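Summary of structural features
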Amino acid sequence: MIDEESKSIFYEAENPQASRELEELRRSGDYEPPFVVVRRRVIDDFNEGKMTIDATVVLRIGDVEETEAARGVGVVHALDVALRKGLLKYFPFLAPVRVIETYMHASGESTEAEVMSIKKFSDGQSAWTTLAKSANTAEAGWQSLVDGYEWRISHERNKLRRMTANPRFSRR
């Protein structure tokens, strides 16, 4: 049985800065996401004595749809590899971005428990963290992954906007 204090910590965990900023952007009336996930598919299979996880991701970037597939060591890893392949074509500055830490926590006593997925990203110079919750483990991991890339792209776009508006603005 989960004690009320543990449940409270889980449900009241403060969103990390990147998740908060992305939530604010999404609530603003004029936010256009840099990409839309049209669909995703994962095949979790046991083939020739070993686990095989294949993922396909269909993205819409502007008016173009991109389909990418990849194999990974787990569901979220396979989705990450496929997602990165599609995004890098349009956002090459994502090349150094990596998930450097991942954490999943379930709050409940059953397989229906809500899961919190936290991912820490880095581009080698800065780091940011995202958090997503879902009753579906793969969905929580996927959403925190997508949020990390979307935040980084939005952050870069805002930086370019500021620099264009004021060329003397620092590149920091």
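Residues numbered from 1 in each chain as written. Predicted model: local features only at pLDDT ≥ 70, side-chain atom pairs only at ≥ 80, totals over all residues. Heavy atoms only, no water.

With respect to the layout of surface pockets
Its boundaries defined by the atoms lining it, the second largest pocket holds a volume of some 150 Å³. What lines the second largest pocket is Leu25, Ser28, Asp30, Tyr31, Glu32, Pro34, Ser154, Arg157, Asn158 and Arg161. Take the lining of the second largest pocket: its biggest share by element is four residues, from helix H4 (residues 137-165). The residue makeup of the lining of the second largest pocket, split by class, is three nonpolar, three polar and four charged. (1 Å grid on protein atoms, 1.4 Å probe; cavity = no way out; pocket = protein on both sides within 12 Å on 5 of 7 lines; lining within 4 Å. Points joined across faces, edges and corners; volume = space filled by probe spheres on them. Helix = DSSP H or I, 4+ residues; strand = E, 2+ residues; numbered from the N terminus. Nonpolar A, V, L, I, M, F, W, Y, C, P; charged D, E, K, R; others polar.)

Here we look at the confidence of the model for the chain
On average, residues of the chain score 88 in pLDDT, and 88% of them reach the 70 mark or higher. Low pLDDT, under 50, characterises residues 1-11; the predicted model gives this stretch 15 contacts beyond four residues in sequence or across chains. (pLDDT = per-residue confidence, 0-100. Contact = heavy atoms within 4.5 Å.)

Concerning H4
Compared with the 42 Å implied by 1.5 Å per residue over 29 residues, the 42 Å span of H4 between its first and last C-alpha is a close match. The N-terminus of H4 is capped by asparagine 136, whose side-chain oxygen sits 2.9 Å from the backbone nitrogen of alanine 138. (Expected span 1.5 Å × (residues − 1). Polar contact = N/O pair within 3.5 Å; in protein donor to acceptor, adjacent residues only side chain to side chain.)

Quick word on unusual backbone geometry
If you check the backbone angles, glutamate 48 has positive phi at about 50° while not being a glycine. Along the chain, glutamate 48 turns up in the loop between strand S1 (36-47) and strand S2 (50-61). Judged by relative accessible area, glutamate 48 falls into the exposed class, the value being 77%. (Buried < 20%, exposed > 50% of the residue type's maximum accessible area, 1.4 Å probe, protein only.)

With respect to the packing of helix H3 (residues 75-88) against H4
Two elements in contact, H3 and H4, have axes separated by 10 Å at closest approach and are oriented at 25°. What the angle tells us is that H3 and H4 run roughly parallel. Every pair of crossing elements has a handedness; the one defined by H3 and H4 is right-handed. Judged by residue contacts, Val75, Val76, Leu79, Asp80, Leu83, Arg84 and Leu87 of H3 engage Ala138, Gly141, Trp142, Leu145, Val146, Tyr149 and Ile153 from H4. A class-by-class count of the residues in the contact of H3 with H4 yields eleven nonpolar, one polar and two charged. (Axes fitted to C-alpha atoms, helices over the stretch in contact; angles between N-to-C directions. Parallel < 35°, antiparallel > 145°, perpendicular 65-115°, else oblique. Left-handed = near helix turned anticlockwise from the far one by under 90°.)

Describing the environment of serine 28
Relative to the elements of secondary structure, serine 28 occurs in the loop between helix H2 (17-27) and S1. A polar side-chain atom of serine 28 sits 2.7 Å from the main-chain carbonyl oxygen of leucine 25.

Considering the sheet that holds strand S6 (residues 127-134)
Pairing is antiparallel in the open sheet, where three strands are placed in the order S4-S5-S6. A single partner strand is all that each edge strand has here, and the edge strands are strand S4 (98-107) and S6. Here the strands of the sheet are splayed against their neighbours by 15° on average, with no regard to which way each runs. Relative to strand S5 (residues 114-122), S4 runs antiparallel, the two sharing nine bridges. Bridge pairing in S5 places alanine 106 opposite valine 115. Seen against the sheet, H4 touches S4, S5 and S6 and runs at an angle of roughly 145° to S6. (Pairing = 2+ DSSP bridges.)

So, the packing of H2 against H4
Interaxial distance between H2 and H4 falls to 10 Å at its minimum, and their mutual angle equals 75°. Between H2 and H4, the angle is such that the two are roughly perpendicular. Contact residues: H2 offers Ala18, Glu21, Leu22, Leu25 and Arg26, while H4 offers Gln143, Asp147, Glu150, Trp151 and Ser154. Considering only residue class, the contact of H2 with H4 consists of four nonpolar, two polar and four charged.

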